[in-house]
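Observations on the model geometry
Now for the letters of each chain:
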Amino acid sequence: MDIINALVVFANFVFVPGLAYGAQLALGALGVTLVYGILRFSNFAHGDTMAFGTMAAILVTRGLQAMGISFGPLPTALIALPFAIAATAALVLATDRGIYRFYRKVRAAPVILVIVSMGVMFVMNALTRFIIGVDEINFADGGRFIIAAREFKELTGLAEGLAIRTTQVITVVTAAVAVGLLFWFLGNTRTGKSMRAYSDNEDLALLSGINPERVVAVTWIIVAALATTAGVLYGLDKSFKAFTYFQLLLPIFAAAIVGGLGSPLGAIAGGFLIAFSEVTVTYAWKRVLGYLLPADLAPEGLVQLMSTDYKFAVSFAILVIVLLFRPTGLFRGKSV
Amino acid sequence: MIRVENLHKHFGGFHAVDGATLEIAKGSITGLIGPNGAGKTTLFNVIAGRLPPTSGRVLMEGEDITGLPPHDLFHKGVLRTFQIAHEFGSMTCRENLMMVPAGQSGERLWNAWFNRARVAEEEARLRAKADEVLEFLTISHLADERAANISGGQKKLLELGRTMMVDARIVFLDEVGAGVNRTLLNTIADAIVRLNRERGYTFCVIEHDMDFIGRLCDPVIVMAEGKVLAQGPADAIMQNEAVIEAYLGRGLKNKAAAHG
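Read on for a plain summary of the structure. What you are looking at is a predicted structure, and each value in this text was computed from that prediction instead of being measured.

1. Comments concerning the packing of aromatic side chains
Residue and element names in this part refer to chain A. Tallying each qualifying case throughout the model produces 13 aromatic pairs over all chains. With 5.3 Å between their ring centres and 45 degrees between their planes, Phe 240 and Tyr 245 make a pair best called tilted. A single burial state applies to Phe 240 and to Tyr 245, both of which are buried. What links up through ring pairs into an aromatic cluster is the set Phe 10, Phe 13, Tyr 283 and Trp 285.

Written out as structure tokens, the structure reads:
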């Protein structure tokens, strides 16, 4: 039995990737949950908002690289991030002006807004593909590893290596900063409180002199910032492909619903829950078990519960279970 | 103060407000009574900008305010409460009150970051004011309770409290006494009279409790089937044949006459 090596394998293949993926999902789910809480519909265009934001970041990154600007060991995309957020905010604000505002004015039912957001989704997706194409793009530059597997082995003398990529650390740190800022904003500023008030009781918020258009605009800007950050982090960690972001919609919605739609805290918890479930269910446990079990009990198969092709089925299954047994989610959001 | 001219609000074929014309005098506590379904709340909803009118006009001191959104009316000093009390459930009672005065400096993100002292000072002032209002309404002990958890009657008080956080000019109270016990009702009545005398609020009150109306309101407007049936001083209205008929029905009136 070799607990330390088992832990290292676990950390390398489950914990660290799960943490990074969870942070990305949490940021995505926060955006979905904010739109649901304040604008009161499920925004299907969120995945493609992320894609658009990432695309903007890639284009700015290329520009910066062409000018010879880099961020040392950190990816250039981090410098590009604020510009990408501004571009995405402009896009979603224009979308709101041109499309959603009309449906708000006629007090359209949420289901109509959902369908409208699907239309927006298709347009945004097409726009992204039109501008940057459908190919896989790797835009992570700078140092690749903080600890490489071989260095770790030499350092500790263990049989197994632990690799921590720069992008994974950046993901977790950036996500933590973004979440911290968001909670400070919602809890301590007047505008944040107006947003919470508007989410709690729209009629009363209006009667308290809160300008709904302002609340909505601020919400969209925050959502654009969260979506772009999530998209760029995901793209840095893996790679960018227009359709991947569309597929991310399922785990992101699963995360938001599991946590409780409309609850920011729930979105974060949901993000990590979905990410770790996906990773643990699709991971081949053979090596971890090989270290933990006596030699003659060591498994011969891969001990993989589900092939990675089915990873989206995990979020789907969790979604169904939560909707059956606790439709308001873990943190008691608004029911769906 | 407020003049409503030939106001109509139709929901499909149903004429909830059917050509109402009325006037609310400045500095008065005007009562609005009428049987259920007479269109009182719809009239409030139209005046307060929650529903657009089908036709007609609402004037405030000569200025046309028809169809203005509620947050604009708020800034003009037009406030209302709801028949079923509304609250920000996830916030405490104190926070509910502190939410009200819009246009605070903390609303500008710039100030929230770089002008902390001013924002903090303003928050402190609001907090003191909210505590004063809670004290006035005898619900100080609920200051830190989440508003979702307090009783229906206490929510009514909290709603009245919201109107005390700013300098309102006219307040529309929709059945402020419904579901409130006698002691609390007296508290509310006292609060209304004080706000009216000391701070010059004009009130328009929907109420079914005739004692409450008789004690507080002058003049009284009676609505039935979307129209204004009568308006005038409280005593005259209480004796008005048409009003008694609308409220009690013809049969009961005859019976009352037979007994009388």
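There is more to say after this.
2. A look at helix α12 (residues 264-282) of chain A
Residues and elements named next belong to chain A. With 19 residues, α12 should cover 27 Å at 1.5 Å per step; its first-to-last C-alpha distance of 27 Å lies within 8% of that length. Looking only at α12, the buried set comprises Pro 264, Gly 266, Ala 267, Ile 268, Gly 270, Gly 271, Ile 274, Ala 275, Ser 277, Glu 278, Val 279 and Thr 282. Against the buried residues of α12 lie α1 (3-39), α6 (166-188), α11 (249-259) and α14 (311-325).

3. Focus: the sheet that holds strand β5 (residues 63-64) of chain B
Residues and elements named next belong to chain B. Overall, antiparallel pairing links the four strands, which are arranged β2-β1-β4-β5 in an open sheet. Of all strands in the sheet, those bounded by a partner on one side alone are β2 (14-24) and β5. Two elements, strand β1 (residues 2-11) and β2, share eight bridges in a ladder whose sense is antiparallel. Bridge pairing links His 8 to Asp 18 in β2. Relative to β1, helix α1 (residues 40-47) is tilted by about 110 degrees, and along the sheet it contacts β1, β2 and β4 (55-60).

4. Some thoughts on a nonpolar patch on the surface
All names here are of chain A. On the surface, a nonpolar cluster with roughly 400 Å² of combined accessible area is contributed by Ile 146, Val 169, Val 173, Val 177 and Leu 181. With four residues, the single largest contributor to the nonpolar patch is α6. Take Leu 181: it is sitting in helix α6.

5. Details of the interface of chain A and chain B
On the side of chain B, 31 residues touch chain A, which itself brings 24 residues to the contact. Across the chain A/chain B interface, buried area totals approximately 2400 Å², and carbon plus sulfur atoms make up 57% of it. Three residues, A:Arg190, A:Leu204 and A:Leu207, lead the burial of chain A against chain B; their summed loss comes to 31% of the area buried on that side. On inspection of chain A and its partner chain B, the count reaches two salt bridges. Its salt-bridge partner being B:Glu123, residue A:Lys193 comes within 3.4 Å of it at the nearest N-O pair. At the surface where chain A touches chain B, the tally comes to nine residue pairs in polar contact (both at pLDDT 80 or more). By residue number, the principal contributor to the side of chain A that touches chain B is helix α7 (residues 190-200) of chain A, which donates seven residues. By residue class, the composition of the side of chain A that touches chain B is 10 nonpolar, seven polar and seven charged.

6. Some points on the state of the cysteines
Disulfide: a covalent bond formed between the sulfur atoms of two cysteine residues. Residue and element names in this part refer to chain B. This structure, assessed with the given rule, holds zero disulfides over all chains. Cys 204 forms no disulfide, and the closest cysteine sulfur to it belongs to Cys 217, at a distance of 8.4 Å. The buried category is assigned to Cys 204, whose relative accessible area is 3%. On the basis of relative accessible area, Cys 217 is assigned to the buried category, the value being 2%.

7. Some details on the packing of helix α2 (residues 46-66) of chain A against helix α4 (residues 110-132) of chain A
Residue and element names in this part refer to chain A. Where α2 contacts α4, the axes come no closer than 9 Å and their chain directions differ by 20 degrees. One way to sum up the angle between α2 and α4 is to call them roughly parallel. In the crossing of α2 with α4, the sense of the turn from one axis to the other is left-handed. On α4, the residues that touch Asp 48, Thr 49, Ala 51, Phe 52, Met 55, Ile 58, Leu 59 and Arg 62 of α2 are Met 121, Met 124, Asn 125, Leu 127, Thr 128, Ile 131 and Ile 132.

The rules behind the values
Residues numbered from 1 in each chain as written. Chains lettered and ligands numbered in written order. Predicted model: local features only at pLDDT ≥ 70, side-chain atom pairs only at ≥ 80, totals over all residues. Heavy atoms only, no water. Phe/Tyr/Trp six-rings, centres within 6.5 Å; stacked < 30°, edge-to-face > 60°. Buried < 20%, exposed > 50% of the residue type's maximum accessible area, 1.4 Å probe, protein only. Helix = DSSP H or I, 4+ residues; strand = E, 2+ residues; numbered from the N terminus. Expected span 1.5 Å × (residues − 1). Contact = heavy atoms within 4.5 Å. Pairing = 2+ DSSP bridges. Axes fitted to C-alpha atoms, helices over the stretch in contact; angles between N-to-C directions. Patch = residues over 30% accessible without salt bridge, like charges linked within 9 Å, V, L, I, M, F, W, Y side chains within 5 Å. Areas by Shrake-Rupley, 256 points an atom, 1.4 Å probe, with all protein chains shown as cover. Salt bridge = Lys/Arg side-chain N within 4 Å of Asp/Glu carboxyl O. Buried area = accessible area lost by both parts, 1.4 Å probe. Polar contact = N/O pair within 3.5 Å; in protein donor to acceptor, adjacent residues only side chain to side chain. Nonpolar A, V, L, I, M, F, W, Y, C, P; charged D, E, K, R; others polar. Disulfide = S-S within 2.5 Å. Parallel < 35°, antiparallel > 145°, perpendicular 65-115°, else oblique. Left-handed = near helix turned anticlockwise from the far one by under 90°.

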